[in-house]
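# Understanding the architecture of this molecule
Each chain is listed here by its residues.
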Amino acid sequence: MSNPSPRQVARLEAQPSLSHELLTLLPGDFRLGLSTAAYQIEGGVSEGGRGPSIWDTFAHTPGLTRNDDNGDVACDHYHRWESDLDLLASLEVRHYRLSVSWSRLQPIGSGELNPEAVAFYRDLLTGMRERGIRPLVTLYHWDLPQPLEDRGGWPERSTAERFADYATRTVAALGDLVDDWITLNEPWCSAFLGYHTGAHAPGRRDFDAAVAAAHHLNLAHGLAVAGIRLTAPNARVGIANIVTELRPMNDTEADRGAVVRVDAASNRVFLDPVYLGDYSASVRDTLGSALARVIRDGDLAKIAAPTDFAGINHYQRILVSYDPIGGPLAAREQPATPATTSFGWSVIPDSLRVVLSRVSREFTDLPVYVTENGASFDDYADPEGDVVDLDRVEYLRGYLAALIDAVRDGADIRGYYAWSFLDNFEWAEGYSKRFGVVHVDYATQRRTPKLSALWYQRLNAQRNALLELVGQAG
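First, a word on scope: everything that follows refers to the structure included in this document. (Residues numbered from 1 in each chain as written. Predicted model: local features only at pLDDT ≥ 70, side-chain atom pairs only at ≥ 80, totals over all residues. Heavy atoms only, no water.)

## Some points on the overall build of the protein chain
Counting its regular elements, the protein chain contains 17 helices and 13 strands. In terms of its C-alpha atoms, the protein chain occupies a principal-axis envelope of roughly 65 × 55 × 50 Å. Buried residues in the protein chain amount to 62% of all 474 residues. Taking the contacts inside the protein chain whose residues are at least 6 apart along the sequence as the reference set, 77% of them involve residues at least 24 apart. Within the protein chain, the 63 negative side-chain charges are centred at a point lying 2 Å from the centre of the 45 positive side-chain charges. (Helix = DSSP H or I, 4+ residues; strand = E, 2+ residues; numbered from the N terminus. Buried < 20%, exposed > 50% of the residue type's maximum accessible area, 1.4 Å probe, protein only. Contact = heavy atoms within 4.5 Å. Lys, Arg positive; Asp, Glu negative; His and termini not counted. Charge placed at Lys NZ, Arg CZ, Asp CG, Glu CD.)

Next comes the structure, spelled out in structure tokens:
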């Protein structure tokens, strides 16, 4: 990364950081990092033996993504990973959450791993180790191999079994370079956006299929944990669930009931079985026979296999109202105000505190990592070539302060991975939404650290200096 200009330095100095007092409230092993996902940044979709995923198929179907954008090139990280890691290191980032691609590692969704893919990820992970960057690796971030979808996808139980095999093989191949693994990222999106609303790949619209997918994703997690334990007994394993704060639009019985149903079908359907060992009454009542008919004896014990940490992704507060024609849940949802991101999502830092405190109070006493939190804004390079994303700086400062409030409340929070390191392919929204702290000019692949990246760099430097000071004192 080139040195910031005097103008950039002046802008940065005008932005307050978190205070020393706040930083000292974080646990000594707290991780301050950044996140990405394979399909969103890698590109190289037909290189190195990679096979097609459901997102390749979806994005190449006209009309399903904004501007018919696809991830064929994305951020070209497949070819630029070394300079990208250099950039991460220059930003003082020592913790990086990434995903490996199932369709690259196991192109048909079964059998031996693709040796070219194993070599690529081993080089990437070795490069991280050489730069002092600790990986947190997600095994599934939505890139289901298309051959498995052709055989029914996540609504089929066999897909859970195939995932466990893939996860076990991948940990065996890469586990000497990785201590921390996440099985699944946001299974709610995979199940309900993929199979109910059709907004995400594979684009199906069948509520019962989505419910079956949800259960089989939970089962896939549990089976994978069991396989990983046998393969790498010292590995640390968790799952990353998106948890949204839900509030009734109006203080009425009908709207409060709608909140219960939406909470059951978005948050609790994934949190309950993993951490509490069963689907709660609200989940069973809401999802009814669609859920009951796919649960088999022994499934819940497998899903509840002990894990080492809880990954929580959080983005917004949603207001919920009763709507008799609002689909299977008889509910209507809308972002709370202020809804100021380019997605129209709310920016309410206290929602993160609420979510973290709730998870720690109601579901688990495991250490919690915020594995994704961030915002999209209409970022652009000014005439001097700088990207001055003041909204994102304010967002990061506010949400990190809210995280520290959750720590004050007693939640055991061990890390925060901002979404995202790079602007990237934002799924059905294509390249229209920019979440990165680093701006990507997709035509040239030029990376430009935004003001938020410099702010985060300064925060990491403060945090790292504080840890070194404490270590010296100890």
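Next comes the rest of the account.
## Re the sheet that holds strand E8 (residues 317-322)
Spatial ordering of the open sheet is given by E6-E8-E9, a layout of three strands whose pairing is mixed. Looking at the sheet topology across the chains shown, the edges are occupied by strand E6 (245-248) and strand E9 (331-335). For this sheet, the mean angle separating the axes of adjacent strands, direction not counted, is 35°. Pairing of E6 with E8 involves four bridges; the strand directions are parallel. If you follow Glu 245 over to E8, its bridge partner there is Arg 317. (Pairing = 2+ DSSP bridges. Axes fitted to C-alpha atoms, helices over the stretch in contact; angles between N-to-C directions.)

## Observations concerning the pairing of strand E5 (residues 236-242)
With six of seven residues buried, E5 lies mostly within the body of the structure. Bridge count between strand E4 (residues 180-185) and E5: four bridges; the pairing is parallel. Bridging across to E5, Asp 180 finds its partner in Arg 236. Sheet topology places E5 next to strand E7 (residues 310-313); three bridges connect them, and they run parallel. Its bridge partner being in E7, Asn 241 is matched across the sheet by Ile 312.

## Overview of the packing of aromatic side chains
With the rule as written, the count across this model stands at 28 aromatic pairs. Aromatic side chains Tyr 315 and Phe 435 sit 6.2 Å apart centroid to centroid with 80° between the ring planes, which places their arrangement in the edge-to-face category. Of this pair, Tyr 315 sits in the loop between E7 and E8 while Phe 435 sits in the loop between strand E11 (413-419) and strand E12 (438-441), and the two are 120 residues apart along the sequence. We note that Tyr 315, like Phe 435, is buried. One aromatic cluster in this structure is built from Tyr 39, Trp 55, Phe 58, Trp 142, Phe 425, Trp 427, Tyr 431 and Tyr 442. (Phe/Tyr/Trp six-rings, centres within 6.5 Å; stacked < 30°, edge-to-face > 60°.)

## A closer look at the pattern of salt bridges
Any two side chains of opposite charge can pair if their charged atoms end up close together. Counted according to the given criterion, the structure contains 39 salt bridges. One salt bridge connects Arg 50 with Asp 56, and the closest N-O pair in it is separated by 2.9 Å. Residue Arg 50 is classed as buried on the basis of its relative accessible area of 10%. Residue classification places Asp 56 among the buried positions, given a relative accessible area of 9%. One salt bridge in this structure joins Glu 362 and Arg 361, with 3.5 Å as the shortest N-O distance. A relative accessible area of 59% places Arg 361 in the exposed class. Sharing partners across several salt bridges, the network here consists of Asp 263, Arg 268, Asp 272, Arg 358, Arg 361 and Glu 362. (Salt bridge = Lys/Arg side-chain N within 4 Å of Asp/Glu carboxyl O.)

## Observations concerning the side chain of Lys 433
Within the secondary structure, Lys 433 is located in the loop between E11 and E12. Of the buried charged residues, Lys 433 lacks a salt bridge, with Glu 429 as the closest side chain of opposite charge at 4.4 Å. Sequence-distant contacts of Lys 433, defined by excluding residues within four places in its chain, comprise Ser 342, Phe 343, Ser 376, Asn 424 and Glu 426.

## Considering empty space enclosed by the protein
Applying the stated criterion across every chain yields a total of five cavities of 30 Å³ or more. In this structure, the largest cavity is lined by Ile 54, Trp 55, Tyr 140, Trp 142, Trp 154, Cys 189, Ser 190, Tyr 195, His 200 and Ala 201. Mapped by element, the contributors of at least two residues to the lining of the largest cavity are helix H4 (54-59) and helix H10 (187-195). With three residues, H10 is the single largest residue contributor to the lining of the largest cavity. (1 Å grid on protein atoms, 1.4 Å probe; cavity = no way out; pocket = protein on both sides within 12 Å on 5 of 7 lines; lining within 4 Å. Points joined across faces, edges and corners; volume = space filled by probe spheres on them.)

## With respect to the environment of Ala 305
Tracing the backbone shows Ala 305 in the loop between helix H14 (299-303) and E7. For the pair Ala 305 and Leu 223, spaced 82 residues apart in sequence, the C-alpha separation works out to 8.2 Å.

## Section: the layout of surface pockets
Considered as a void within the structure, the largest pocket measures approximately 1,000 Å³ in volume. Contributing to the lining of the largest pocket are 41 residues, with Trp 188, Cys 189, Leu 193, Gln 316 and Trp 345 lying nearest its centre. Those elements that provide at least two residues to the lining of the largest pocket are H10, helix H12 (253-276) and E9. Its residues assigned to classes, the lining of the largest pocket comprises 23 nonpolar, 13 polar and five charged. (Nonpolar A, V, L, I, M, F, W, Y, C, P; charged D, E, K, R; others polar.)

## Re the sheet that holds strand E10 (residues 368-372)
Overall, parallel pairing links the eight strands, which are arranged E1-E2-E3-E4-E5-E7-E10-E11 in a closed barrel. Along the sheet, successive strands turn relative to each other by an average axial angle of 25°, direction set aside. Across the sheet, helix H9 (residues 157-174) is in contact with strand E3 (134-140) and E4; its angle to E3 comes to roughly 155°. The sheet contacts of H12 involve E5 and E7, and relative to E5 the element is tilted by about 160°.

## With respect to the nonpolar core
Counting residues in hydrophobic clusters, the biggest one holds 145 residues, and the most contacted among them are Trp 154, Phe 163, Leu 403, Tyr 416 and Tyr 456. Ranked by residues supplied to this core, first place goes to helix H11 (residues 207-231) with twelve residues. (Core = buried A, V, L, I, M, F, W, Y, C linked by side-chain atoms within 4.5 Å.)

## Section: helix H13 (residues 281-292)
For H13, built from twelve residues, the straight-helix expectation of 16 Å at 1.5 Å per residue is missed by more than 12%, its first-to-last C-alpha distance being only 12 Å. Taken as a whole, H13 has its buried residues at Ser 282, Val 283, Thr 286, Leu 287, Ala 290 and Leu 291. Looking straight down H13, one finds its buried side chains confined to an arc of 105°; they lie on one side. For H13, exposure combined with an orientation more than 90 degrees from the buried face picks out Ala 281 and Asp 285. Elements that come into contact with the buried residues of H13 comprise H11 and H12. (Expected span 1.5 Å × (residues − 1). Arc of directions from axis to C-beta.)

## What to know about the environment of Leu 366
As for its placement among the helices and strands, Leu 366 is situated in the loop between helix H15 (350-363) and E10. Non-local contacts of Leu 366, meaning those with residues more than four positions away in its chain, are made with Tyr 275, Thr 307, Asp 308, Phe 309, Ala 310 and Asp 412.

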